[in-house]
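Coordinate analysis (summary)
Listed here are the chains, written in short residue letters.
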Amino acid sequence: MSNIVKNFHNCINNICNQLINEKILDQNTNLNNINIDIPSDENRGDISTNAALIFRKFSSLNTMDLANIIKDKLLNIDFIFDVIVVNPGFINVFFTNDFLIDELKNLNTQGVEYGSNNIGKDCKINIEYVSANPTGPLHVAHSRGAVFGDVLSNLLEFCGYEVTREYYVNDSGSQIIALGESLYKRYKEQLNIKDEDAKIHLYPGKYLIDIANEIIKTDGDKWINTPLEDRAEYFQNYAIKNILKGINDDLNSIGIYFDKYSSEKDIIKKNYIEKVFSLLKDQDLLYLGNLKKPKGNIDEDWESRKQLLFKSTSFGDESDRPFKKSNNDWTYFANDSAYHYDKLQRGYKKLINIWGSDHIGYVKRMKSMVRSLSNSEVELEINICQLVHLKKDNKPIKMSKRTGNFITLKELTDQVGSDALRYFMLRRKNDAQMDFDLTKVIEKNNDNPIFYINYALARSNSLIEIFNDKIKKSNNFDLNKENFNKYLVKEEWKIIKKLLSWPHIVENCAIKSEPHRLIYYLEELSALFHSFWNLGKEQKSLRFIDENNLEKTICKIYIIKSMQNIFKCAYKILGIKIIDRM
RNA sequence: GUCCCGUUAGCUCAAUUGGAUAGAGCGUCAGACUUCUAAUCUGAAGGUUAUGGGUUCGAUUCCCAUACGGGAUACCA
């Protein structure tokens, strides 16, 4: 597992220990705030650190003197070519070319495993996402969380976590009762039987009609005039089963698969709510009380009610939260707490939930709950995916879930394809709102970054083809370090350094749960490649393939192979297809 | 009213968890195709990081206030 940033970090830590021994640094010097960066400006070295600026507080020496002492020690390390100290105390380090070539060989030896790490070693983690109610097909708003959760799972797996991808099915409660009755209503409708009961809320959309017709196909009109209690469960389960299958198909079509579906019904059957109840009671976190009247806009029929409340204020929430309704039923929050208790029982060391922005008000109470139920041993991380504004030709598309006039995930996938959908859903930070333009994401021009990176890959691939056809079929390159030094120009060293920063990018993305950075990395790498490619137009000697100079060509093709390796690895994490040719 | 998220170039967005001269793409202007694939590239112009304070060697980043935009706001799920 090679990571140039980590390697260098170790060097700095060693030097720090030496300095402590030499009494230059205080015994209790804190190393936590030391940054190791890959500078964006190449003049600032291949890697840089603020160590001297941090050490300043733990030493009688001034920052620049400290920096120079560290510099002298760094210069003794064999893979460091030069060190420059800059005001106010940054230490900029340049690697030797030999070191970079060794690392590039590492990259190729490790193949698509290059960049993986073990920060998640022995950590069982549960990532719950989508979890849309099984009352209708997935729509656009679900797709962002779906893709985000999937890629975060891939990424954490790559970092050594043992990941469970989980979908929580809300197959219980009043919505499901309404769903069952909606289906029954459609069933009657399809059999041309008049229904006077207009009170029942009907789920809009055509999908329930299709399901109703399936029931008619097998059962005919046998359910007509059966009492509610006899038919309810059948209609509910039938609807859930079919809708869930549709949801699953839609997800599969964009490459998303779950390891586990958890059912709310099952959780209730396990009596976990009662278990949670007593656990909270023991910690004195439940009490009977009245919530204060909320200020501002509220319904006119608000009334003060006595109900069982969870003390989430003791964890920083702004209000305590209802655990039971005033009629003594459990709230949804109580159910959800039981579900999280179930996850804890399964031995996860960390939980991640990915929620839509409409659930943002529930973040604090759920985090508080998991802390209470796990003795603060398990952290619940909640990533909020903000709204996606759909557009077409730069004009907003109006949608309303109430009338059933919304664009489904399936329709979106059919229009733009899985790759464009995934790529653009990931391209923005999850907690910022984003636009998604149906026409723009599939345009084949400069505006479209996914074509930009695919084009880089396609171009590089044609190089490999030409190389194999014309020059050499075998993979046994004679990789002579001297040749790299002799033939490569500064633009190519820049590409190599970019490639070697991949493990650092991966680690950062995983630690911060921010997969969008992978996308930006790919676009930057592609830019370096395209730019260098075009230099070859003006100056033939800079081209990758020179039939008259095998030694040089081999070095250059080796970089290309390394680059493709990184692309393959990144595409796998992002879940998008490799494009060989365009 | 309260809470959460956001505000960075004309537009859409980055910024390596407090670092150095805040970067890309689009758009604008000026250029590069007898090609290893022009779906590309080169150059120029474009900024008081919403505003005002604070913390410190150093702030787009952390804290406080203000403005604007979006979302959430008792027993639904």
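How each quantity is defined
Residues numbered from 1 in each chain as written. Chains lettered and ligands numbered in written order. Predicted model: local features only at pLDDT ≥ 70, side-chain atom pairs only at ≥ 80, totals over all residues. Heavy atoms only, no water. Pairing = 2+ DSSP bridges. Helix = DSSP H or I, 4+ residues; strand = E, 2+ residues; numbered from the N terminus. Salt bridge = Lys/Arg side-chain N within 4 Å of Asp/Glu carboxyl O. Buried < 20%, exposed > 50% of the residue type's maximum accessible area, 1.4 Å probe, protein only. Axes fitted to C-alpha atoms, helices over the stretch in contact; angles between N-to-C directions. Parallel < 35°, antiparallel > 145°, perpendicular 65-115°, else oblique. Contact = heavy atoms within 4.5 Å. Nonpolar A, V, L, I, M, F, W, Y, C, P; charged D, E, K, R; others polar.

A separate point is the pairing of strand β3 (residues 80-86). Looking at chain direction, β3 and strand β4 (residues 90-95) are connected through 6 bridges and run antiparallel. Looking at β4, one finds that I84 is bridged to N92. If you look at the hairpin formed by β3 and β4, you'll find 3 residues sitting between the two strands, and G89 has a positive phi there, around 145°.

For the rest of this paragraph, the subject is the sheet that holds β3. Read across the sheet, 4 strands follow the order β1-β2-β4-β3 without closing on themselves; strand pairing throughout is antiparallel. Every interior strand has two partners, whereas the edge strands, β1 (36-37) and β3, have only one. With 2 bridges connecting them, β1 and strand β2 (residues 47-49) associate as antiparallel partners. Across the sheet, residue I36 finds its bridge partner in β2, namely T49.

Below, the discussion takes up the pattern of salt bridges. Per the counting criterion, the structure on display carries 33 salt bridges. Here K343 ties to E128 by a salt bridge, and the two come within 2.9 Å at their closest N and O atoms. Highlighted residues: K343 in helix α11 (residues 332-345) and E128 in strand β5 (residues 124-128), separated in sequence by 215 residues. With respect to burial, K343 and E128 carry one shared label: buried. Of the charged contacts in the structure, one is a salt bridge between E157 and R165, with a shortest N-O distance of 2.8 Å.

In this section: the packing of helix α10 (residues 272-282) against α11. Contact geometry for α10 and α11: axes closest at 8 Å, N-to-C directions at 90°. Considering their axes alone, α10 and α11 lie roughly perpendicular with respect to each other. Contacts from Y272, I273, K275, V276 and L279 in α10 reach A334, N335, S337, A338, Y341, D342 and Q345 in α11. A class-by-class count of the residues in the contact of α10 with α11 yields 7 nonpolar, 3 polar and 2 charged.

Read across the sheet, 5 strands follow the order β7-β6-β5-β11-β12 without closing on themselves; strand pairing throughout is parallel. Two strands in the sheet have a free side with no partner beyond their single neighbour: β7 (260-263) and β12 (379-385). If you compare each strand with its neighbour and ignore which way they point, the axes differ by 25° on average. Where α11 meets the sheet, its contacts fall on β5, β6 (162-169), β7, β11 (350-356) and β12, and the angle it forms with β6 comes to roughly 155°. Contacts from helix α12 (residues 363-373) reach β11 and β12 within the one sheet, and its direction differs from that of β12 by about 160°.

Worth remembering: the numbers are spatial, not functional.
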